[in-house]
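# Close look at the chain arrangement
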Amino acid sequence: AALATDALATDALATAPTDDVAPPYPRRAPQKTKKLIYVDGNNLMMQRKVTKGRDDLAGRLRGVRGAEVVIVFDGRDGEQASEAGDDPRVVVTAGGGDGYERVSADEWIIDELDGLVSRDLDVEVVTADRHLRRRAQLARAKTINPIKFYRRYLPRLKGLKSDYSNTRKPIE
């Protein structure tokens, strides 16, 4: 019965109505990794003891192993949507004004989650926003608290701390 419910939930997500309007930013296919981590950049920067500034935060998230990291920032008023880099990929959403609408980082991440074709990916979303967490969970993405991600997960993902696994290390 649980499997039937999961199948219905997946079908409901697949057949959910979508806008026929193309997104105001180019959609890029994720790199060929097994893990994809979306980070709500502004949400992470608001936390205590977290690096402030887009460039500084992107620098801190550089070098994550085995995953593609996508940091998404809310565009400032009048700022156009942009994308840069690969490690990490930095996305700035449209800030609104001059004839185009504002797109929040949350909306951008939700659109990306809805547009993911491959379910072979292990998708994680780093945010404290309740609405985004709920939508990510509906899309079967793991949600991570920003403070836990920054303090616990990030050093391990970069290989700076042990992951506490019991696997043997190869003999050199």
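My aim in this report is to walk through the structure given alongside it, one point at a time.

The rules behind these values
- Residues numbered from 1 in each chain as written.
- Predicted model: local features only at pLDDT ≥ 70, side-chain atom pairs only at ≥ 80, totals over all residues.
- Heavy atoms only, no water.
- Helix = DSSP H or I, 4+ residues; strand = E, 2+ residues; numbered from the N terminus.
- Buried < 20%, exposed > 50% of the residue type's maximum accessible area, 1.4 Å probe, protein only.
- Contact = heavy atoms within 4.5 Å.
- Areas by Shrake-Rupley, 256 points an atom, 1.4 Å probe, with all protein chains shown as cover.
- Polar contact = N/O pair within 3.5 Å; in protein donor to acceptor, adjacent residues only side chain to side chain.
- Lys, Arg positive; Asp, Glu negative; His and termini not counted.
- Salt bridge = Lys/Arg side-chain N within 4 Å of Asp/Glu carboxyl O.
- Pairing = 2+ DSSP bridges.
- Axes fitted to C-alpha atoms, helices over the stretch in contact; angles between N-to-C directions.
- Core = buried A, V, L, I, M, F, W, Y, C linked by side-chain atoms within 4.5 Å.

## Examining the overall build of the protein
The number of helices and strands found in the protein is six helices and six strands. Listing every helix and strand of the protein by position from the N terminus yields α-β-α-α-β-β-β-α-β-α-β-α. In the protein, buried positions account for 36% of the 172 residues. Considering only residue pairs separated by 6 or more positions, the protein has 53% of its internal contacts joining residues 24 or more positions apart. Accessible surface computed for the protein: about 11,200 Å², of which carbon and sulfur atoms make up 50%.

## With respect to helix α5 (residues 130-138)
Measuring from the backbone nitrogen of H131 back to the side-chain oxygen at the start of α5 gives 3.2 Å, which picks out D129 as the cap. A positive backbone phi angle near 65° is found at R140, which sits one or two residues after α5.

## Some details on the side chain of D106
Mapped onto the elements of the fold, D106 is located in helix α4 (residues 105-115). Although buried, D106 forms no salt bridge, and the nearest oppositely charged side chain, R102, lies 9.8 Å from it.

## Topic: the sheet that holds strand β1 (residues 35-40)
Think of a sheet as strands paired side by side through backbone hydrogen bonds, with each pair either parallel or antiparallel. Reading across from one edge, β3-β4-β2-β1-β5-β6 is the order of the six strands in this open sheet, with mixed pairing throughout. Each having just a single partner strand, β3 (82-84) and β6 (142-144) make up the two edges of the open sheet. When strand polarity is set aside, the average angle formed by the axes of neighbouring strands in this sheet is 20°. Bridge count between β3 and strand β4 (residues 89-92): three bridges; the pairing is antiparallel. Opposite S82, over in β4, you have V92 as the bridge partner. The strands touched by helix α6 (residues 146-157) are β1, β5 (122-126) and β6; relative to β1, the strand with the most contacts, the crossing angle is about 140°.

## Examining the nonpolar core
Membership of the largest hydrophobic core comes to 21 residues, with the highest contact counts inside it found for I37, V39, L57, L61 and F149. Those elements that place two or more of their residues in this core are β1, α2 (41-45), α3 (54-60), β2 (68-73), β4 and α6. In terms of residue count, the dominant contributor to this core is α6 (four residues). Excluding anything up to four places from it in sequence, L57 contacts G41, L44, M45, V50, T51, I71, F73 and Y150. By size, the runner-up hydrophobic cluster in this structure holds 18 residues, among which are V70, W108, L116 and A136.

## With respect to the environment of S82
Within the fold, S82 resides in strand β3. Along the sequence, S82 and T93 sit eleven residues apart, while their C-alpha atoms lie 6.7 Å from each other. In this structure S82 touches V90, V91 and V92, once residues within four positions along its chain are discounted.

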